[in-house]
There are 2 protein chains.
Amino acid sequence: MKIVLIGAGNAGFHLGCRLKECGEDILQVFSRNLLHAKELGEKIEARFIDDLDQTDRHADLYILAVHDDAIAEVAEKLATLGLREKFVVHTSGATPKTVFENTGLLRYGVFYPLQTFSKKRRPDFTQIPLCIDADLEADLEILRQLAQKISPNVFVINDEERAVLHVAAVFVNNFANHLFHAGHTILTSENLPFDLLLPLMRETVAKLEAGTPADMQTGPAIRGDEATIRRHLTYLKKFPQFAGLYRTLTESIRATGSE
Amino acid sequence: MKIVLIGAGNAGFHLGCRLKECGEDILQVFSRNLLHAKELGEKIEARFIDDLDQTDRHADLYILAVHDDAIAEVAEKLATLGLREKFVVHTSGATPKTVFENTGLLRYGVFYPLQTFSKKRRPDFTQIPLCIDADLEADLEILRQLAQKISPNVFVINDEERAVLHVAAVFVNNFANHLFHAGHTILTSENLPFDLLLPLMRETVAKLEAGTPADMQTGPAIRGDEATIRRHLTYLKKFPQFAGLYRTLTESIRATGSE
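Only a predicted model underlies this, so the values are computations on that prediction, with no experimental measurement involved.

Draft legend 1. Fine view of helix H1 (residues 10–21) of chain B. All names here are of chain B. With 12 residues, H1 extends 17 Å from end C-alpha to end C-alpha; this agrees with the ideal 16 Å at 1.5 Å per step. The set of residues buried in H1 consists of Gly-12, Phe-13, His-14, Leu-15, Gly-16, Cys-17, Arg-18 and Leu-19. Where H1 is buried, its residues touch strand S1 (2–6), strand S2 (25–30), helix H2 (34–43), strand S4 (61–64), strand S6 (107–113) and helix H4 (137–150). Within two residues after H1, Gly-23 carries a phi angle of roughly 90°, on the positive side.

Okay, here's the thing in structure tokens:
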């Protein structure tokens, strides 16, 4: 399939590499930052541009891996370039497919890899759920076939479901990572190596293959161990920025941990 | 080494199995619940008892893998049984070594595996940091040699350091698991499979091999994406038990996420 990739950030970069690896023909990479477009373009043998007016008109699929708030604008721009009948998808978990309504485009959908991407780390796409959606059944089939080349985990997920997934992803990724940040801050401030906690963090996730998080909850909050909680809060006077978090999470575990 | 294991809960069970696997001689297993003592005892070819009066007097080491608030009581009991000069350790992250002061025991220490244990899952001890401590250098050396048989990751950690590790462990394990619980509750309530989030959760931890949590933070809170945050909070009216958590964590990421 001939693809134009618009956006060369973390998601665009890794998606572009994976599509190329799976034998797709990336005609062109766009980024507002020409150096980013060039870096990715050279890597996946695609032309690179920083001006949407130069967008190739002959692709089968246009993938918008841009910031959420740029999706509608880029879509409108593509429509004005004579690409109204081309198939355009975005890769955002937070944005409904309806963002494309009133942009002038006639065929659109979503191609959302449910993963967190960093430029430094090469993701294993075979482990990534690909959430696809499109209005037209024929377009959905195009996405399904493309997605199945990249990952065995392909799911048709509509706007409402994707919004739910995105909220849940914020809890298990952004918020969990922030707790890791708290642990990191505390340990490094005390000259203890953060690596000491990595096996515990890995196991916290790995355990969920054997049971629900509620089954797996341990620690002072769920045990109602007031003496330990008081000792921890006394200690956290050294880290007042995390004391409120400790209180809120302890209360929440008590209230909902075993519901 | 001849060992008596007091406590057959999650930590005691797996520690007992690992010690046996490494060739140690577990003379006896105690549990208040005779069935638990029997289950573990039969597994690791140890006698099993539910009465501390029957504790074997001829072990080199007595490991107390009991609840935090039972440690002092069990230690006092052992002292009254004529074991004052025996080496006794507890396995708790939350309890200082000083818990043994005034129990009548003369030689004591700590043998703390920094991990979360569930009966269902067999842990990989080679991945577990073992935090050891003892007052006497000779006793510390006994623990060091024992620990090194079980895991290559052995650290001498004093009471203060262990207290810090324990607070941090609550953040990265108990609290993170609670966020996983929130994600689980939301997805299952909406008839979406929780498994969809597992690759994301694994990657959230795996990424920390490449950078700090602060480096890796993404999402609406760190981006200051108010529109998405508002949409999420509107959605969370369906899950009021988690809305406060969302607000607190979002505020905390804004305040401290990139400090």
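Draft legend 2. Inspection of unusual backbone geometry at higher detail. Backbone geometry places Asn191(A), a non-glycine residue, at a positive phi of 60°. Positionally, Asn191(A) belongs in the loop between helix H5 (159–189) and helix H6 (198–206). Asn191(A) gets classed as exposed once you look at its relative accessible area, which sits at 72%. Although it is not a glycine, Glu45(B) sits at a positive phi angle of roughly 55°. The residue Glu45(B) is located in the loop between H2 and strand S3 (47–49) in this model.

Draft legend 3. Broad picture of the interface of chain A and chain B. Each partner contributes to the interface: chain A provides 84 residues, whereas chain B provides 83 residues. Interface area for chain A against chain B, summed over the two sides, is near 8,300 Å², with a carbon-plus-sulfur share of 70%. Run the count over chain A and chain B and you get 6 salt bridges. Close ionic contact of Glu203(B) with Arg121(A) constitutes a salt bridge, the shortest N to O distance being 2.9 Å. Here chain A and chain B share 29 residue pairs in polar contact (both at pLDDT 80 or more) between them. Put simply, the parts of the chain that give the side of chain A that touches chain B at least two residues each are H5, H6, helix H7 (213–216), helix H8 (220–223), helix H9 (226–235) and helix H10 (240–256) of chain A. Per-element tally for the side of chain A that touches chain B: the top contributor is H5(A), with 25 residues.

Draft legend 4. Quick look at the packing of H9(A) against H10(A). Residue and element names in this part refer to chain A. Their axes nearest at 10 Å, the elements H9 and H10 cross at an angle of 160°. Judged by the inter-axis angle, H9 sits roughly antiparallel to H10. Pair H9 / H10 crosses with right-handed handedness. Contact residues: Glu-226, Ile-229, His-232 and Leu-233 in H9; Ala-243, Tyr-246, Arg-247, Thr-250 and Arg-254 in H10. Of the residues that constitute the contact of H9 with H10, the class distribution is 4 nonpolar, 2 polar and 3 charged.

Draft legend 5. View of the relation of the copies chain A and chain B. Superposing chain A onto chain B requires a rotation of 180° together with a translation of 0.0 Å along the rotation axis, leaving an RMSD of 0.0 Å. Both copies of the chain, as the preceding transformation shows, are related through a two-fold rotation axis. Nearest to the rotation axis, the C-alpha of Ala176(A) is located 2.5 Å from it, this being the minimum over chain A. Comparing contact sets, 99% of the residues at the interface of chain A also lie at the interface in chain B, consistent with an isologous, same-surface contact.

Draft legend 6. Local environment of the nonpolar core. Counting residues in each nonpolar core, the largest one holds 83 residues, and the members touching the most others are Phe171(A), Ile186(A), Leu197(A), Phe171(B), Ile186(B) and Leu197(B). The residues contacting Ile186(B), other than those within four sequence positions of it, are Val164(A), Val167(A), Phe171(A), Tyr235(B), Leu236(B), Phe239(B) and Phe242(B).

Draft legend 7. Quick look at empty space enclosed by the protein. Considering all chains together, one arrives at 2 cavities of 30 Å³ or more under this definition. Taken together, Thr116(A), Asn173(A), Asn174(A), Asn177(A), Thr204(B), Lys207(B), Met216(B), Gln217(B) and Thr218(B) make up the lining of the largest cavity. Counted by class, the lining of the largest cavity contains 1 nonpolar, 7 polar and 1 charged residues. Considering only enclosed or pocket space, the second largest cavity measures out at about 30 Å³ in volume. In terms of lining residues, the second largest cavity is bounded by Thr204(A), Lys207(A), Met216(A), Gln217(A), Thr218(A), Asn173(B) and Asn177(B). Across the lining of the second largest cavity, the residue classes tally to 1 nonpolar, 5 polar and 1 charged.

Rules of the game
Residues numbered from 1 in each chain as written. Chains lettered and ligands numbered in written order. Predicted model: local features only at pLDDT ≥ 70, side-chain atom pairs only at ≥ 80, totals over all residues. Heavy atoms only, no water. Helix = DSSP H or I, 4+ residues; strand = E, 2+ residues; numbered from the N terminus. Expected span 1.5 Å × (residues − 1). Buried < 20%, exposed > 50% of the residue type's maximum accessible area, 1.4 Å probe, protein only. Contact = heavy atoms within 4.5 Å. Buried area = accessible area lost by both parts, 1.4 Å probe. Salt bridge = Lys/Arg side-chain N within 4 Å of Asp/Glu carboxyl O. Polar contact = N/O pair within 3.5 Å; in protein donor to acceptor, adjacent residues only side chain to side chain. Axes fitted to C-alpha atoms, helices over the stretch in contact; angles between N-to-C directions. Parallel < 35°, antiparallel > 145°, perpendicular 65-115°, else oblique. Left-handed = near helix turned anticlockwise from the far one by under 90°. Nonpolar A, V, L, I, M, F, W, Y, C, P; charged D, E, K, R; others polar. Least-squares fit on C-alpha atoms with pLDDT ≥ 70 in both. Core = buried A, V, L, I, M, F, W, Y, C linked by side-chain atoms within 4.5 Å. 1 Å grid on protein atoms, 1.4 Å probe; cavity = no way out; pocket = protein on both sides within 12 Å on 5 of 7 lines; lining within 4 Å. Points joined across faces, edges and corners; volume = space filled by probe spheres on them.

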